Amino acid sequence: MSLLIKGGLVVDPSTHLEDPLDLLVEKGKIAALEPPGSIPEEGRRVIAATGLVVTPGLIDMHVHLREPGEEYKETICTGTRAAVRGGFTAVACMPNTKPVNDTAAVTRLILDQARAAGSARVYPVGAVSMGSKGETLSEYGDLKAAGVVALSDNGRPVSNSMLMRRALEYAKTFDLPIISHCEDLQLSADGVMHEGQVSLKLGLKGVPGAAEEVMVYRDLTLAALTGARLHIAHVSTAGSVAIIRLAKAMGMAVTAETAPHYFSLTDAAVLGYNTHAKVNPPLRTEMDVRSIKEALRDGTLDAVACDHAPHSSLEKELEFNAAAFGLIGLETSLGLTLKLVHDGTLNLIQAIERLSTGPARVLGVAGGALGVGSPADITLIDLNREWTVDVGTFASKSRNCPFDGWTLKGKAVMTIVGGKVVWEEESRG
Ligand code: DOR
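Residues numbered from 1 in each chain as written. Predicted model: local features only at pLDDT ≥ 70, side-chain atom pairs only at ≥ 80, totals over all residues. Heavy atoms only, no water.

Novice: Which parts of the structure should I look at to understand the environment of aspartate 390?
Specialist: Relative to the helices and strands, aspartate 390 resides in the loop between β16 (378–388) and β17 (407–417). Residue aspartate 390 is classed as partly exposed on the basis of its relative accessible area of 38%. Only 2.9 Å separates the side chain of aspartate 390 from the backbone nitrogen of glycine 392, close enough to count as a polar contact. (Helix = DSSP H or I, 4+ residues; strand = E, 2+ residues; numbered from the N terminus. Buried < 20%, exposed > 50% of the residue type's maximum accessible area, 1.4 Å probe, protein only. Polar contact = N/O pair within 3.5 Å; in protein donor to acceptor, adjacent residues only side chain to side chain.)

Dropping the structure here:
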């Protein structure tokens, strides 16, 4: 059935559009965008969008879906349901599953499960090295043919600089970006949080910002050497921002993302030994937060990606040193990013750009735009809706969220993938 989305404010960062328009969806595609009231209603499902913002479907380019292998934490079905509830029409899933996504067979399994789940689109990310062990490169041609959109050993760095050089060269021949988890393992050692005043107070071993920054710098120099596409994952420090900003000013083809927790929390969230605030890279300082917000504003950071990392209570209800790194974010990412709109850091176009158009561009996938003829991946957002985060209501299987109980302003109320309404708030009937 065709859908007529009526009376909303249509925001499309790809064309700098921010106008009240009616939007017609037919046969899974955007069929028309016209002035309010000019598209006939007959024979169509009319979706009243007055007071809502209509945006290209949000895309999270960095999530962990845990399938295959750790389905007790998340499955492709529950993870994509969490995605659409959070307003995301597509996610890119990292390869640190069990087994690692280093072969076409695993990639195909992920895509089959995503098809069966039938909610958000899933773009698999293949491993840079076999088993993400940092020893032998995986077969990028096979992985690309099976459907991966990027390569990463996320969860751990590619420590060997020669292997990283070869990976960049090899990935370039297939026009695949490498998503780099920047961490010098000798510097991060057995650190469990940011190295600073708070780690000192808590008596916990710290990870200095330099553990990330030296690898950002290394990877930028290797990207310059090879001319390959490099994307820096989960940027957490002011120093990384400064290096990436300089590389971009020099014209390098580098892109980068941050996660909402790096602009919403500081290392103070760890006080009380809160394992939900244990994440890698760690939460940093006020100064880093300020710098990350500025980098989202000026475009040094291309994407907000939540690094949704589900873990069960078995891995989190432990002594801080023993707990797993990671927190879930798909159902809070939009609300936390919209805080930056409400506090004047970003305008609405910039926020939607970082949540949709930017990641589509980085990954080279469809979406991120509302042009006539493009796939009808659309998110309807109520910018002014105040709501309280309640992990008990999450579609995700896991509960490791440090934002439980927070009041956020702004929420997705309907998510449409390929012209099909895959999630809508109950109150919309
Ligand atoms: O905190 C994290 N958790 N950081 C990562 O890089 C990996 C992730 C996970 O897979 O749990």
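Novice: What is the right way to look at helix α12 (residues 333–342) in this model?
Specialist: Helical periodicity: at 3.6 residues per turn, an α-helix aligns residues three or four positions apart in one direction. With respect to burial, α12 is a largely interior element, eight of its 10 residues being buried. For α12, the complete set of buried residues consists of Ser333, Leu334, Gly335, Leu336, Thr337, Leu338, Leu340 and Val341. Of the residues flanking the end of α12, it is glycine 344, one or two places downstream, whose phi is positive at about 85°.

Novice: Help me understand the site of the ligand in this model?
Specialist: Close contacts around the ligand come from 14 residues, with Arg66, Asn96, Asn280, His311 and Phe325 the closest. At a separation of 3.5 Å, an oxygen atom of the ligand approaches a polar side-chain atom of histidine 64. If the ligand stood free it would expose 290 Å²; the protein chains cover 93% of that surface. Looking at the shell around the ligand residue by residue, the classes come out as three nonpolar, nine polar and two charged. (Near = heavy atom within 4 Å. Areas by Shrake-Rupley, 256 points an atom, 1.4 Å probe, with all protein chains shown as cover. Nonpolar A, V, L, I, M, F, W, Y, C, P; charged D, E, K, R; others polar.)

Novice: For this particular structure, what's the right way to read the pattern of salt bridges?
Specialist: Should their charged atoms come close, side chains of opposite charge can pair. Per the stated rule, a full pass over the model turns up 25 salt bridges. Salt-bridge contacts for glutamate 331 lead to arginine 85; the nearest nitrogen and oxygen are separated by 3.1 Å. Of this pair, glutamate 331 sits in the loop between α11 (313–316) and α12 while arginine 85 sits in helix α1 (residues 76–85), and the two are 246 residues apart along the sequence. The residue glutamate 212 makes a salt bridge to arginine 284 at a minimum N-O spacing of 4.0 Å. (Salt bridge = Lys/Arg side-chain N within 4 Å of Asp/Glu carboxyl O.)

Novice: Where do I start with helix α7 (residues 210–226) in this structure?
Specialist: Between the first and last C-alpha of α7 there are 24 Å, a value that for 17 residues agrees with the 24 Å anticipated at 1.5 Å per step. Regarding α7, the residues found buried are Ala211, Glu212, Met215, Val216, Arg218, Asp219, Leu220, Leu222, Ala223 and Thr226. (Expected span 1.5 Å × (residues − 1).)

Novice: Where do I start with the environment of valine 122 in this structure?
Specialist: Positionally, valine 122 belongs in strand β8 (residues 121–126). By relative accessible area, which is 6% here, valine 122 ends up buried. In this structure the C-alpha to C-alpha distance between valine 122 and threonine 89, which are 33 residues apart in sequence, comes to 8.8 Å. Leave out the neighbours within four places in its chain, and valine 122 touches Leu65, Ile76, Thr80, Val91, Cys93, Ile110, Leu111 and Ala114. (Contact = heavy atoms within 4.5 Å.)

Novice: Can you walk me through the packing of aromatic side chains in this structure?
Specialist: Aromatic rings considered in pairs are described by the distance between their centres and by the relative angle of their planes. A complete count under the given rule lists three aromatic pairs for this structure. When the centroid spacing of 5.5 Å and the interplanar angle of 75° are considered together, the rings of tyrosine 170 and phenylalanine 174 count as edge-to-face. Classification of tyrosine 170 by relative accessible area gives partly exposed; the value is 25%. Relative to tryptophan 406, the ring of phenylalanine 403 lies with its centre 4.8 Å away and its plane at 85°, an arrangement referred to as edge-to-face. Exposure remark for tryptophan 406: the relative accessible area of 25% places this residue in the partly exposed category. (Phe/Tyr/Trp six-rings, centres within 6.5 Å; stacked < 30°, edge-to-face > 60°.)

Novice: Looking at this model, I keep getting lost on the nonpolar core. Mind explaining?
Specialist: Nonpolar side chains in soluble globular proteins generally cluster together in the buried interior. Counting residues in hydrophobic clusters, the biggest one holds 91 residues, and the most contacted among them are Val122, Tyr140, Leu151, Ile178, Leu230, Ile232 and Leu330. Apart from residues lying up to four places away in sequence, leucine 151 is in contact with Val125, Gly126, Ala127, Val128, Tyr140, Leu143, Ala171, Leu176, Pro177, Ile178 and Ile179. Counting 19 residues, the second largest nonpolar core, distinct from the first, contains Leu3, Leu23, Ile378 and Ile416. (Core = buried A, V, L, I, M, F, W, Y, C linked by side-chain atoms within 4.5 Å.)

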